[in-house]
Amino acid sequence: MLAVLGFATLGSFMLLVMRKYLSAFTAIMLTPIAAALVAGEGAELGDMIMNGLDTVAPTAALLLFAVLYFGLMMEAKLFEPVCQAIVRASKGDPVRICVGTAVLALCVALDGDGTTSYMIICSAFLPIYRRLGMNPLILATLATMALGTISGTTPWGGAATRGISVLHLNAGDYFVHMIGPMALTSLAIIAVAYWLGLRERHKIDAEKLAAYKLEIASGEAFEPVKADWRMWFNAGLTLLLMVLLILEVADLLVLFMVAFVIALLVNVRSIGDQQDLIKRQAANAVPVVILVLAAGVFTGIMTDSGMIKAMADAALAIVPDSMGNLIPLFTAVLALPLGFFMSNDGYWFGVVPVLAESAAHYGIDANEIARAGAIGQILHSMGPTSAPLWVLLGLVRTELGDFQKHALRWGILVSAAYILFAVVTGAISVT
């Protein structure tokens, strides 16, 4: 009963959002609440919601200050020189722009922080997409696939870290076998970028494209950027922030709060101007925060009501005992829908241990279950419980349903390729 109700809840949410019957904010809250009432869990609803909010509140606060910080950096034109260098290298060719988007996304995803990655990518490429009339959903699609592949696989990226800790694994043993599949999947993302770039090249008016190329060659396409002491200070502060993030000197929220305050004092001197900047950036920050909190309601109810565990158990029941050796492959396939809908905490701490325990009965190493589970991160980065995604959608200015209509087909394709590469290289076994 709970498994059926869980799958029905997920399906209802997708239908409501993609058909635009409800906004993502309302649908992500109403569907699990309705399911909990049907399951007779109404009396526990308040506690389940609060448990969910407890898990996402730090993330919501982090995203608030991350958006404020990078919004300030964008207004200060910190990334403009990088953007101009990329434009010159692309020579205005949509194919090169799309491939460049993918390469930059794969590189910055090594940082492990989705919000930071999306901010950098959008700062560099979004103005170019808009100038040429290219579809910004391409940028969003490539960025999410890159983040899911790199940040979702590396031991320091956050997702796999949960699996390594909960299954008590050695990070080296887990990761060394995933380097090959991860590299091949990165090439697959670049191939998708090339294909999407070819399609955009044919869509853009030839005269408009030729005129833009002339503007790039002559330098008219760029506004002069003055590299004054504030720009150098902002660059140094941002670099220091990235180093401290990687070294985990302090909590991410603390680092972004302090960095924003320092940047605000240096770049905006008067109190009135500081208040105006915060009001401008609040238009981007507030929608992100409320959606993250709503996602906490979703995961809190789905997890505490037992629907998530029931869904995982029902899916495992499909595998006959004679095919127990295929549990790693089945885990990789199951990771796609569960990763899409679930928070990483709920998935890695609630579902993956169940799968690992089942695999252990067949003598399967828990490392293989962790590797298989990481493959679902590509679709997780496109799902409603991915907090950085809401930042990206705000930057690109699109709705969740429109993004998923464009991105999911490519996410599923690349995820399938990732599974294939993992099997072929022996990262997950099928024998």
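Let me begin by describing the structure that accompanies this report. Not measured: the values here are computed from a predicted model.

**As for the overall build of the chain**
Helix and strand counts for the chain come out as 21 helices and zero strands. At 22 Å, the chain has a C-alpha radius of gyration in line with the 22 Å of a compact globule built from 431 residues. By residue count, 54% of the 431 residues in the chain fall in the buried class. Sequence-distant contacts in the chain: of pairs separated by 6 or more residues, those separated by 24 or more amount to 80%. With the model as given, the accessible surface of the chain reaches about 18100 Å², and the carbon-plus-sulfur share is 66%. Distance from the positive charge centre (24 side chains) to the negative charge centre (30 side chains) of the chain: 13 Å.

**Details of the packing of aromatic side chains**
On inspection of all chains with the given rule, the structure shows three aromatic pairs. Plain terms: the ring middles of Phe 65 and Phe 260 are 6.4 Å apart, the flat faces sit at 65° to each other, and that makes the pair edge-to-face. Within this pair, whereas Phe 65 is found in helix α3 (residues 45–75), its partner Phe 260 is found in helix α13 (residues 252–267), the two being separated by 195 residues in sequence. Ring geometry for Tyr 69 and Phe 256: centres 6.2 Å apart, planes at 70°, overall edge-to-face.

**Digging into the side chain of Thr 185**
With respect to the helices and strands, Thr 185 occurs in helix α10 (residues 179–203). In contact with Thr 185, not counting residues within four places along its chain, are Thr 149, Ile 378, Val 414, Tyr 418 and Phe 421.

**Quick notes on the environment of Cys 107**
Looking at the element boundaries, Cys 107 is found in helix α5 (residues 94–108). Along the chain, Cys 107 and Ile 150 lie 43 residues apart, while their C-alpha atoms are 8.5 Å from each other.

**Points about α10**
Each turn of an α-helix holds 3.6 residues, which means side chains three or four residues apart point in the same direction. With 25 residues, α10 ought to run about 36 Å at 1.5 Å a step, and its terminal C-alpha atoms sit 36 Å apart, in line with that. Inspection of α10 places Pro 181, Met 182, Thr 185, Ser 186, Ala 188, Ile 189, Val 192, Ala 193, Leu 196, Gly 197 and Glu 200 among the buried residues, and these make up the whole buried set. For α10, the elements touching its buried residues are α5, α7 (136–150), α9 (171–176), α19 (377–380) and α21 (400–425).

**Some thoughts on the packing of helix α6 (residues 114–132) against helix α20 (residues 387–396)**
Helix packing geometry: the angle between the two helix axes and the distance between the axes. Across the interface, α6 lies against α20 with an axial gap of 10 Å and an inter-helix angle of 20°. Judged by the angle between their axes, α6 and α20 are roughly parallel. The two elements α6 and α20 meet at a crossing, and its hand is right-handed. Contacts from Gly 114, Thr 115, Tyr 118, Met 119, Cys 122, Leu 126 and Arg 130 of α6 reach α20 at Pro 388, Leu 389, Val 391, Leu 392, Leu 395 and Val 396. Taken together, the residues of the contact of α6 with α20 sort by class into 10 nonpolar, two polar and one charged.

**Digging into the packing of α3 against α6**
Here α3 crosses α6 at 25°, and the two axes come no closer than 10 Å. Relative to α6, α3 is oriented roughly parallel. As for how α3 packs across α6, the hand of that crossing is right-handed. Packed against α3, whose contacting residues are Leu 63, Ala 66, Val 67, Phe 70 and Met 74, the element α6 presents Thr 115, Thr 116, Met 119 and Ser 123 at the interface. Taken together, the residues of the contact of α3 with α6 break down into six nonpolar, three polar and no charged.

**Regarding the side chain of Asn 234**
Looking at the element boundaries, Asn 234 is found in helix α12 (residues 229–247). Sequence-distant contacts of Asn 234, defined by excluding residues within four places in its chain, comprise Tyr 69, Met 73, Ala 76, Leu 78 and Asn 267.

**What about the environment of Ile 278?**
Summarising the element assignment, Ile 278 is placed in helix α14 (residues 271–304). For Ile 278, a relative accessible area of 34% gives the class partly exposed. Leaving out residues up to four positions away in the same chain, Ile 278 has contacts with Leu 68, Phe 260 and Leu 264.

**Considering unusual backbone geometry**
The phi dihedral of Arg 397 is positive, around 65°, even though this residue is not glycine. Tracing the chain through its elements places Arg 397 in the loop between α20 and α21.

**Points about the pattern of salt bridges**
Side chains that carry opposite charge are capable of pairing whenever their charged atoms lie near each other. Overall, the coordinates contain two salt bridges when judged by the stated rule. With a shortest N-O distance of 2.9 Å, Arg 201 and Asp 93 are connected by a salt bridge. Placement of Arg 201 in helix α10 and of Asp 93 in the loop between α4 (80–90) and α5 is noted, with a sequence separation of 108 residues between them. With its nearest N and O atoms 3.7 Å apart, the salt bridge here joins Glu 200 to Lys 203. Pair noted here: Glu 200 and Lys 203 are both in helix α10, with a separation of three residues, about one helical turn.

**Overview of the environment of Gly 363**
Relative to the helices and strands, Gly 363 resides in the loop between α17 (344–360) and α18 (366–374). Between the C-alpha atoms of Gly 363 and Asn 325, which are 38 residues apart in sequence, the distance is 8.5 Å.

**Overview of helix α2 (residues 24–38)**
Between the first and last C-alpha of α2 there are 21 Å, a value that for 15 residues agrees with the 21 Å anticipated at 1.5 Å per step. Ala 24, Ala 27, Ile 28, Thr 31, Pro 32, Ile 33, Ala 35 and Ala 36 are the residues of α2 that are buried. Of the residues flanking the end of α2, it is Gly 40, one or two places downstream, whose phi is positive at about 80°.

**Thoughts on the layout of surface pockets**
A volume near 500 Å³ is recorded for the second largest pocket. Around the second largest pocket, the lining comprises 21 residues; the ones closest to its centre are Met 74, Glu 75, Ser 123, Pro 127 and Arg 130. Examining the composition of the lining of the second largest pocket, we find that six residues originate from one element, α6, more than from any other. Its residues assigned to classes, the lining of the second largest pocket shows 10 nonpolar, five polar and six charged.

Calculation criteria
- Residues numbered from 1 in each chain as written.
- Predicted model: local features only at pLDDT ≥ 70, side-chain atom pairs only at ≥ 80, totals over all residues.
- Heavy atoms only, no water.
- Helix = DSSP H or I, 4+ residues; strand = E, 2+ residues; numbered from the N terminus.
- Rg over C-alpha atoms; globule rule 2.2 N^0.38 Å.
- Buried < 20%, exposed > 50% of the residue type's maximum accessible area, 1.4 Å probe, protein only.
- Contact = heavy atoms within 4.5 Å.
- Areas by Shrake-Rupley, 256 points an atom, 1.4 Å probe, with all protein chains shown as cover.
- Lys, Arg positive; Asp, Glu negative; His and termini not counted.
- Charge placed at Lys NZ, Arg CZ, Asp CG, Glu CD.
- Phe/Tyr/Trp six-rings, centres within 6.5 Å; stacked < 30°, edge-to-face > 60°.
- Expected span 1.5 Å × (residues − 1).
- Axes fitted to C-alpha atoms, helices over the stretch in contact; angles between N-to-C directions.
- Parallel < 35°, antiparallel > 145°, perpendicular 65-115°, else oblique.
- Left-handed = near helix turned anticlockwise from the far one by under 90°.
- Nonpolar A, V, L, I, M, F, W, Y, C, P; charged D, E, K, R; others polar.
- Salt bridge = Lys/Arg side-chain N within 4 Å of Asp/Glu carboxyl O.
- 1 Å grid on protein atoms, 1.4 Å probe; cavity = no way out; pocket = protein on both sides within 12 Å on 5 of 7 lines; lining within 4 Å.
- Points joined across faces, edges and corners; volume = space filled by probe spheres on them.

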